[in-house]
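The lines below spell out each chain.
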Amino acid sequence: MITLVISDFSHLTIIEPLYFNIIAWGISIVILAYGSYTFIKSIKIYSVDQLYSEIADIDPKIEHPFNIVVIRDGHGNGKYLVFKSKRWDCWLFPNYHCLNKIFSKTKELRYITECIKRDLKISEEIEFKYIGNEISEKYSVGDKVRKKYNFHYFQETNIVTDFNNQRTFRCNGKKYCWKTLDQMYSDKNIIKKNKDVLDYIRRVCDIS
């Protein structure tokens, strides 16, 4: 904008100086507006708890507890429900961060039940069982650092959805798909980012 103010464009021949000024000022105002918006959006006021939480989230020495939800297709075709994670750019099993550092099976069962009913818009009662946990260390795509995870696995025991006969579908802003373990093992991207989870499910959950 300073350049536009102090410059003389009266000698332009390719385009009328007035039109050039209008276009140049328009571009400058758009850039200024976008820069201001980006700056304001980047401002974040931290509390002590929020700051600690974000620092801890990228600390490779701290365990990060997650609930992994295993849902099989009701048609008995050996397929499992997965969703496309934007953060990991990969098909993953439904998962939710644990409520507390101190794991409580009862509280987490109630929590994942509420999450699945909300995400898949299920009104009927559904049931899950806790099948175990496993520590895993791997590269976090989102945080770009190796992290230690404590995965707690839950498997559905009584659930019927309206999406059992659909190969892919969208629900509450997420894209879902039914895949067999063999299909997931043949996907190089899934193997690179989530093989530890696949191995556990094949070893403990899969009965196909």
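Please refer to the structure higher up on the page.
None of these values were measured; they are calculated from a predicted model.

Engineer: Would you mind showing me how to read the overall build of the protein chain here?
Structural biologist: For the protein chain, the count of helices and strands is six helices and eight strands. The C-alpha atoms of the protein chain give a radius of gyration of 25 Å, which is well past the 17 Å a tight globule of 208 residues would have. The principal-axis extent of the C-alpha atoms belonging to the protein chain is close to 80 × 45 × 35 Å. Scored against the burial criterion, the 208 residues of the protein chain give a buried share of 36%. Long-range pairs, those at least 24 residues apart, make up 62% of the contacts in the protein chain between residues at least 6 apart in sequence. Total accessible area computed for the protein chain in this model is approximately 13400 Å², and 57% of it derives from carbon and sulfur atoms. Charge centroids of the protein chain, computed over 32 positive and 25 negative side chains, lie 3 Å from each other.

Engineer: Can you help me understand the packing of aromatic side chains in this one?
Structural biologist: Aromatic rings in a pair are described by how distant their centres are and how their planes are angled relative to each other. For the structure on display, the rule yields eleven aromatic pairs. Measuring from centroid to centroid gives 6.4 Å for tyrosine 96 and tyrosine 111, while their planes differ by 75°, and the two rings are edge-to-face. Of this pair, tyrosine 96 sits in strand β4 (residues 95-97) while tyrosine 111 sits in helix α4 (residues 105-119), and the two are 15 residues apart along the sequence. Ring plane angle 15° and centroid distance 4.0 Å describe the contact between tyrosine 153 and tyrosine 200, whose orientation is recorded as stacked. With tyrosine 153 in strand β6 (residues 145-158) and tyrosine 200 in helix α6 (residues 188-205), this pair connects stretches of sequence that are 47 residues apart. Of the two residues examined, tyrosine 153 and tyrosine 200, each falls in the buried class. An aromatic cluster is defined as three or more aromatic residues linked by ring pairs; in this entry it consists of Phe66, Tyr149, Phe151, Tyr153 and Tyr200. Taking the ring centre of phenylalanine 83 as reference, the NZ or CZ of lysine 174 above it sits at 5.1 Å.

Engineer: Mind showing me how you'd approach the pairing of strand β1 (residues 63-70) here?
Structural biologist: Sheet faces and side chains relate simply in a regular strand, where the side chains alternate between the two faces. The buried count for β1 comes to seven of eight residues, which makes it a mostly enclosed element. Across eight bridges, the pairing between β1 and β6 is parallel. Opposite valine 70, over in β6, you have glutamine 155 as the bridge partner. Note: β1 against β4, three bridges, orientation antiparallel.

Engineer: What should I look at first to understand the pairing of strand β2 (residues 79-85) in this one?
Structural biologist: Counted residue by residue, β2 has five buried out of seven residues, so it is predominantly covered. In terms of strand pairing, β2 meets strand β8 (residues 174-180) through five bridges, oriented antiparallel. Of the residues in β8, the one forming a bridge with tyrosine 80 is lysine 179. Judged from the three bridges that link them, β2 and strand β3 (residues 90-92) form a sheet pairing that is antiparallel. Paired with phenylalanine 83 across the two strands is leucine 92, which belongs to β3. The hairpin turn running from β2 into β3, its antiparallel successor, is four residues long, and aspartate 89 in that turn takes a positive phi close to 50°.

Engineer: When you look at the sheet that holds β1 in this model, what are you seeing that I'm missing?
Structural biologist: The strands that make up a sheet are held in pairs by hydrogen bonds between backbone atoms, and each pair lies either parallel or antiparallel. Across the sheet, four strands lie side by side as β4-β1-β6-β5; this open sheet has mixed pairing. Unpaired on one side and paired on the other, β4 and β5 (127-140) mark the two borders of the sheet. Mean inter-strand twist for the sheet, computed between neighbouring axes without regard to direction, equals 25°. Running at roughly 150° to β5, α6 makes contact with β1, β5 and β6 of the sheet.

Reading the values: the criteria
- Residues numbered from 1 in each chain as written.
- Predicted model: local features only at pLDDT ≥ 70, side-chain atom pairs only at ≥ 80, totals over all residues.
- Heavy atoms only, no water.
- Helix = DSSP H or I, 4+ residues; strand = E, 2+ residues; numbered from the N terminus.
- Rg over C-alpha atoms; globule rule 2.2 N^0.38 Å.
- Buried < 20%, exposed > 50% of the residue type's maximum accessible area, 1.4 Å probe, protein only.
- Contact = heavy atoms within 4.5 Å.
- Areas by Shrake-Rupley, 256 points an atom, 1.4 Å probe, with all protein chains shown as cover.
- Lys, Arg positive; Asp, Glu negative; His and termini not counted.
- Charge placed at Lys NZ, Arg CZ, Asp CG, Glu CD.
- Phe/Tyr/Trp six-rings, centres within 6.5 Å; stacked < 30°, edge-to-face > 60°.
- Lys NZ or Arg CZ within 6 Å of the ring centre and 35° of its normal.
- Pairing = 2+ DSSP bridges.
- Axes fitted to C-alpha atoms, helices over the stretch in contact; angles between N-to-C directions.

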